[in-house]
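# Breakdown of the fold
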Amino acid sequence: MNASSEPDLDVAVVGAGIAGLSAADELRRAGREVRVFEAHDRVGGRMRSLRKDGFVIDEGAEQISSQGYRATWQLVRRVGLRPAEVPVIGRGIGVWRNGRARTGVGGSSAVLTGAGLAPRARPDLARFLAWTARAGDALDCDHPERTPLGTETVAEFARRYHPDLHDYLLQPLTGAFFGWHTARSTAAPAVSLLREVGPVSAWRTYRDGMDTLARRLAAGLDVTTGSQVREVVADGNTARLTLGEGTLTARAVVVAVPAPVASQLCVNAPAGERRFLDACSFTPVLKVSCALRRPLAPRGRGGPYVLLTPEAEEDTLAGIVVDHAKHPGRAPAGRGLLSLIATPRQVPTLLGAPPDEVVMRLTRAGERFVPGLTDALLEARVHAFAHGLPEATPTALGLRAAFQDRAPGPVEYAGDWVVLRPASEGAVRSGALAAARVLSRLGAEARDTARAWTQEEGVSR
Ligand SMILES: Cc1cc2nc3c(=O)[nH]c(=O)nc-3n(C[C@H](O)[C@H](O)[C@H](O)COP(=O)(O)OP(=O)(O)OC[C@H]3O[C@@H](n4cnc5c(N)ncnc54)[C@H](O)[C@@H]3O)c2cc1C
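Residues numbered from 1 in each chain as written. Predicted model: local features only at pLDDT ≥ 70, side-chain atom pairs only at ≥ 80, totals over all residues. Heavy atoms only, no water.

### Some words on helix α7 (residues 187-197)
Counting buried positions along α7 gives nine out of 11 residues, so the element sits mostly inside the fold. Those residues of α7 lying buried are A187, A188, P189, A190, V191, S192, L193, E196 and V197. Note on α7: the residue one or two positions beyond its end, G198, has a positive phi of about 70°. (Buried < 20%, exposed > 50% of the residue type's maximum accessible area, 1.4 Å probe, protein only. Helix = DSSP H or I, 4+ residues; strand = E, 2+ residues; numbered from the N terminus.)

Here it is, written out as structure tokens:
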């Protein structure tokens, strides 16, 4: 607090991931002075991209969709990105079964072709799709706790159907894309998300890397990178931030970091908030990007851009993303770029292993699906996220409604975990929500102050 006891900052945002940047952008547009503090030396968080030797490597997120990403598309338009800068991927998803890739997962003809499901399981896929269509808007990604699925886990939900729907559809999808264990995470957010994002043909990627939107937003904001916040304390109507360089006060702070980090930072969070923060566990995720001499890829009709490798078939990998098929600009002409995603079962051990060993284990496993991979390897990089995706356990889902209904305070939160949606659209929506809560509280305070002044003036006249 400065000498005049005015806070040092109007609004501070902790974290320049897509949630923090969305919140900061909303607040700036509403006329607030916003400062963003980011621990890493680059913005984007789990949507960061790395550029090296002509390769554009998406370290975390891979794609968005034309459907179900309403808030993201609003931002895309607002920052002036053209549709050509977020092109359709145009390739499908395959699943490995009995020694070969079966294509068409998540496609409109999967019921007919099977997309890796045994013939006897296909009527159950039709039944599953018909159920999601009937459930319609009740599968609400913004309120996963309200769906008819309750707090059923993915594994429990899958028991309604032929075992293939678990082993060759729900487990590989949630394992590769969310790092989930189906016995721990709830079906509601996953099924709602699958319904909302539509068929794979609607999926898109940012032409110049998945960090494109974050970089555009950051360009219009006051962002300090390499600045780790160590503590956030609510103090009456303001909040105090401790950084390496000292302490700052702000009228409001938006803490836009994964829930386990927020729980550590916010030392005096009220009990109700803390219960939800602590229940919002995250799955760790690890992948290895492989820059290749040649554009090698898993074999399969149409050349899938993601090959899912189910736990029923494979011990080390959850999937392989063919980045150069996702967009040709990801690799220089004639080269290739693949991402090997570790299976959730292996990630906890891999997180503690030396990078060389991680690369060796994943590339060796990758040889089975992409013969010649090790020989074509130019360079490999490990991307490890201790907090990869919100796990959306039954406990977290059960506590979400109360968290959402809490009164606004000087410390607000943003992040995909706030809506328990394991995708960047959840982060963007949570950013807008946090900004709205800050604005409503500061607006109400401003009105109260103005009223108090008017009354005082009336008394003194
Ligand atoms: C491997 C992987 C693949 C994914 N694939 C997809 C996908 O294809 N499509 C999709 O939509 N979503 C995907 N996601 C999810 C998506 O990336 C996230 O939902 C989204 O990026 C979360 O954004 P966020 O701002 O909530 O959090 P984050 O991106 O984690 O941002 C938090 C930021 O806070 C910073 N920070 C942390 N602690 C501090 C501190 N103490 N002080 C200051 N700064 C701090 C971090 O460095 C980070 O930049 C994927 C995630 C992962 C990990």
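The discussion continues.
### Structural notes on the site of the ligand
With respect to spatial proximity, 34 residues lie near the ligand, and among them E38, R46, Q63, Y69 and D416 are the closest. Within the backbone of A39, an N or O atom sits 3.1 Å from a nitrogen atom of the ligand. A distance of 2.9 Å separates a nitrogen atom of the ligand from a polar backbone atom of V229. When the ligand sits alone it has 1,000 Å² of accessible area, and the protein chains cover 92% of it. Contributions of two or more residues to the shell around the ligand are made by α1 (18-29), α9 (259-265), β17 (377-390) and α16 (424-460). (Near = heavy atom within 4 Å. Polar contact = N/O pair within 3.5 Å; in protein donor to acceptor, adjacent residues only side chain to side chain. Areas by Shrake-Rupley, 256 points an atom, 1.4 Å probe, with all protein chains shown as cover.)

### Observations regarding unusual backbone geometry
A positive phi angle, near 50°, is found at D53, a position not held by glycine. Looking at the element boundaries, D53 is found in the loop between β3 (49-52) and β4 (55-58). On the basis of relative accessibility, which here comes to 59%, the residue D53 falls in the exposed class. Of note in the backbone geometry, A392 takes a positive phi value of approximately 50° without being a glycine. Positionally, A392 belongs in the loop between β17 and α15 (394-404).

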